[in-house]
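Examination of the molecular architecture
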Amino acid sequence: MQLGKEISAVVTGGASGLGEATARRLAGFGIKVTLFDLNEERGMAVASQLGGAFARVDVSDVESVAAGFEVARAAHGVERILINCAGIGVAMKTVSRDRETSAVRMHDLGLFAKTIAINLVGSFNCIAHSAQAMVDLDPITDDGERGVIINTASVAAEDGQIGQAAYSASKGGVKGMTLPIARDLARDGVRVCAILPGLFKTPLFEGLPEEAVKALSASVPFPSRLGRPDEYAAMVQHICENEMLNAASIRLDGAIRMAPK
Ligand SMILES: NC(=O)c1ccc[n+]([C@@H]2O[C@H](COP(=O)([O-])OP(=O)(O)OC[C@H]3O[C@@H](n4cnc5c(N)ncnc54)[C@H](O)[C@@H]3O)[C@@H](O)[C@H]2O)c1
């Protein structure tokens, strides 16, 4: 689709990192953007800079997501673009041995379930709510396109590291559901793709010491640096504009293949 001011978009996780960069890029085309995020202060600040809207939404909660779409649509009409960026990163091994007592501790199942609930179920929750209204929109291209949905998985969907069982399961699920959802929505002219980012410089990495960032950067074959959030946003733009991209899971990673640790 052609990006312009008659289009509106919802970006989850839009208060920070990849979601924020995406919201900024889309707003640059005049698109009316609504941010969904738990971080109210930052979300409202970004939304007001963009002349957009903000809704405090927990993507893992059905009522919260339904209410968020009501806010977005009251402000801007039904969205033609949904970008799922809300997510959490967790690290815990399946079992780990306590250094002092040698006792073997199991992965916290609550943490595993929470990761799936936010990253995977949360993405689907937003997709289902968005698609419900998108399929009733008028088509806007000669081919009958109505909307575009983009999910954020991770290279951990394919090369999960030690301690990434929960995170990789959630992101593998995001990648896995992208094709069947694209098939579900194909006859209604709604495309669905997933981006698998490698290492991107977002607040996720802000706490890390300079040395650690250097080591991470060196592990990227080319370009040997962390990705810039706007490079992710540029991929979002391209997927929106290129109608032949559908059901694709695209690695955006400078050729990195994650080692076991
Ligand atoms: N940064 C990277 O290198 C990288 C790599 C691969 C995948 N990803 C994925 O990209 C996405 C964005 O990551 P980021 O680096 O921009 O992180 P980030 O922490 O900067 O942004 C994530 C945003 O999601 C929000 N959020 C968390 N849980 C939420 C919930 N339940 N409901 C609504 N909002 C919620 C947070 O408040 C935050 O604003 C995540 O899904 C992450 O797993 C990031």
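Above this note sits the structure.
Residues numbered from 1 in each chain as written. Predicted model: local features only at pLDDT ≥ 70, side-chain atom pairs only at ≥ 80, totals over all residues.

**Here we look at the overall build of the protein**
Scanning the protein from terminus to terminus reveals 7 helices and 9 strands. For 261 residues, the compact-globule estimate of 2.2 N^0.38 gives 18 Å, and the C-alpha radius of gyration of the protein, at 18 Å, lies within 12% of that figure. Referenced to the eigenvectors of the C-alpha coordinate spread, the extents of the protein come out at roughly 65 × 40 × 35 Å. Across the 261 residues that make up the protein, the buried fraction comes to 41%. Within the protein, contacts between residues at least 6 apart in sequence are counted, and of these 70% link residues at least 24 apart. (Helix = DSSP H or I, 4+ residues; strand = E, 2+ residues; numbered from the N terminus. Rg over C-alpha atoms; globule rule 2.2 N^0.38 Å. Buried ≥ 20, exposed ≤ 12 C-beta atoms within 10 Å, placed from the backbone. Contact = placed C-beta atoms within 7 Å.)

**A look at the site of the ligand**
The local shell around the ligand holds 31 residues, among which Gly13, Ser16, Gly17, Gly87 and Thr202 are the closest. Its residues assigned to classes, the shell around the ligand shows 15 nonpolar, 14 polar and 2 charged. (Near = placed C-beta within 6 Å. Nonpolar A, V, L, I, M, F, W, Y, C, P; charged D, E, K, R; others polar.)

**Topic: the packing of helix H1 (residues 17-27) against helix H7 (residues 229-241)**
At a minimum axis separation of 8 Å, H1 and H7 run at an interaxial angle of 55°. Here H7 runs oblique to H1, going by the angle between their axes. In terms of crossing hand, the pair formed by H1 and H7 is right-handed. Residues Gly17, Leu18, Ala21, Thr22 and Arg25 of H1 form the contact with H7, whose participating residues are Pro229, Asp230, Tyr232, Ala233, Val236 and Gln237. (Axes fitted to C-alpha atoms, helices over the stretch in contact; angles between N-to-C directions. Parallel < 35°, antiparallel > 145°, perpendicular 65-115°, else oblique. Left-handed = near helix turned anticlockwise from the far one by under 90°.)

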